[in-house]
Amino acid sequence: MSTWQLIFKKLLGIVFLFIFILNTSLVFAASKTEDNLEDINVSKSQIEEILDFFSESFQNKIPIDPDVATIQFGYENFEEFAKQYLKLFKLTDISIDEVREYLEGTDQSVIIDQSQENLDKLYALIINDKYFRKKTGYFKKFKKGKHKGNQINKMALAVYINYEKEMAKITKNPNLEKVSRFAFQYGFSWGSGSPYRFALEGCEKSAKKYKLFGGECIIVEFRNPVTGEIKNMLKPSIKLAKRMEELKKEKLKPKERKKVVVKIEEPIISANINIPVQIYLVQVNKPNFKSKITEDEVIKDFKFANSIWNKKGLDFRILEIAKVNGNAKKIEKDLKWIKNKYIKSLKIDQKEQKVKSKNQKKYNEILFRLIGSKKNRNKNAINVFYIPYMPSKLSCGVAYSYSLNKPNNSQINQLRRQNLGFIVIGEKSDCKNRGRTVAHELGHMFSLGHKHDQKTDLMMWGNGTEIQNWQINKFIKYHSKYLKKRLSL
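For clarity, every value in this text was computed on a predicted model and none was experimentally measured.

### A short note on the overall build of the protein chain
What the protein chain contains, in helices and strands, is 17 helices and 16 strands. Residues counted as buried form 49% of the 489 residues belonging to the protein chain. In the protein chain, the share of contacts with a sequence separation of at least 24, taken over all contacts with a separation of at least 6, comes to 75%. Taken as a whole, the protein chain presents about 27700 Å² of accessible surface, with 53% of it coming from carbon and sulfur.

### Let's talk about the sheet that holds strand 16 (residues 422-428)
What the six strands build is an open sheet, ordered 1-15-16-14-8-11; its pairing is mixed. In this open sheet, the two strands that pair with only one neighbour each are strand 1 (41-42) and strand 11 (314-325). Looking at chain direction, strand 8 (residues 273-283) and strand 11 are connected through 11 bridges and run parallel. Bridging across to strand 11, Val282 finds its partner in Val324. Running at roughly 160° to strand 11, helix 12 (residues 295-309) makes contact with strand 8, strand 11 and strand 14 (382-389) of the sheet. The strands touched by helix 17 (residues 469-483) are strand 8 and strand 11; relative to strand 8, the strand with the most contacts, the crossing angle is about 85°.

### A short note on helix 12
In this model, helix 12 (15 residues) spans 21 Å end to end at C-alpha, consistent with the 21 Å of a helix rising 1.5 Å per residue. In the core, the buried residues of helix 12 are packed alongside strand 8, strand 11, strand 14, helix 16 (434-444) and helix 17.

### Comments concerning the nonpolar core
Counting residues in each nonpolar core, the largest one holds 102 residues, and the members touching the most others are Phe81, Tyr85, Val99, Leu103, Leu122, Val159 and Ile387. If one sorts the elements of this core by residue count, strand 4 (residues 154-161) sits on top with seven residues. In this structure, Phe81 is in contact with Ile47, Ile50, Leu51, Phe54, Thr70, Tyr75, Val99 and Leu103, ignoring residues within four places of it in sequence. Counting residues in each nonpolar core, the second largest holds 36 residues, with Leu281, Trp309, Ile321 and Phe446 among its members.

### Brief notes about the sheet that holds strand 6 (residues 216-224)
Spatial ordering of the open sheet is given by 5-4-6-7, a layout of four strands whose pairing is antiparallel. On the outer flanks of this sheet lie strand 5 (183-189) and strand 7 (229-232), each paired with one strand and no other. Averaged over neighbouring strand pairs, the angle between their axes works out to 25° when direction is ignored. Inspection of the sheet shows strand 4 paired to strand 6 by seven bridges, in the antiparallel sense. Its bridge partner lying in strand 6, Ala156 is registered against Phe222.

Quick notes on the rules
- Residues numbered from 1 in each chain as written.
- Predicted model: local features only at pLDDT ≥ 70, side-chain atom pairs only at ≥ 80, totals over all residues.
- Heavy atoms only, no water.
- Helix = DSSP H or I, 4+ residues; strand = E, 2+ residues; numbered from the N terminus.
- Buried < 20%, exposed > 50% of the residue type's maximum accessible area, 1.4 Å probe, protein only.
- Contact = heavy atoms within 4.5 Å.
- Areas by Shrake-Rupley, 256 points an atom, 1.4 Å probe, with all protein chains shown as cover.
- Pairing = 2+ DSSP bridges.
- Axes fitted to C-alpha atoms, helices over the stretch in contact; angles between N-to-C directions.
- Expected span 1.5 Å × (residues − 1).
- Core = buried A, V, L, I, M, F, W, Y, C linked by side-chain atoms within 4.5 Å.

It is worth stressing that arrangement in space is one thing and function is another; only the former is reported here.
Here you go:
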């Protein structure tokens, strides 16, 4: 064999090895992607979404009316939301009126006066607050002046409060009698120690306990039990003062006449799309978690869901209703964990102003294991699982879909084309119409979020069944780009 033949043979071997490695890598990546549900997005429950709305409004300084907002998010009234909020977070010493007052935004029309007189007013309202004086040991500790035999010479009080909101209220009404509910904690020290860090850290813990957002912990008072000194520590905010100057200039500008805009009625859009659906009835037979739903009830749910979507030319067609055994070996233990750990871990992230749970990943794993999300899957249909009830009891159903993930990138787009998502529906829930829940969650599978501002809208909470033209356009675009080939009948 010539030298050139040997070289060619070696090169051919290298090429084959490269192709083998490349193909192996692609297969591995594909198989890994097929099972990748770890980063999939989940549609939020009603309570999570409205709390996000309130916290974002605080962060962006958008004034809101709590009564109007709760109705917009599908509650009958504010009282219904407040009762759910207090029950969920087990807050027994806060009234509905206090929740409403806390959630009311800052009046952005007020040019806030940070005079010493108003600072003293805010200070007095905090120090003389009836709930605060009843619950704190701050004043007793000051009077005693000692801790485990040590003479305290410094004390500090920190409160979690929306400073701007309260100062706006005082500016508007100098005779204000009460501030919104606040969290608090105090710190003390002796010798050369400082009480401020302990006060602020304790205040943050208290704010997290009561799920407060929109404010911050600030030092309100300093005391010295030895000398009897008591000092108001509230100071004007430089940042707020600068913004108030800008607001003054804005108000002095002449107002422009508003242009009359003629609203043109949008044409009716019809999609003419048929979408296959695979149903799994997850069978569980535990005393407090038992499957009872029948095939006829599922067909009835989809009949109602299609009565909504058919108006826009969309039809969800059931391919099969299959009964599958749920992996419920640990369900009783899991339900106990969800009640005692998962729900309690829901909190407002103070930096991102979002409702979060450090245990969300484990909760998802429990749900995925229960329904057998990896083995029970029709790659060419929208997969819908029915279980006795949603374990968290925060929602009536939920959609896990990469259509809800942001931002768009090649990896996410690949996962979308694989149709990895699914819907989970609770047989029992507090929702009045399970068929509407099915219709709502189906919308999530095609990128529709909770963004419309009408109570009558299907993709909001409540009893709405309307679908807007822009939503149908978004639905069609997502279906055409990612799922048209895979979801063909």
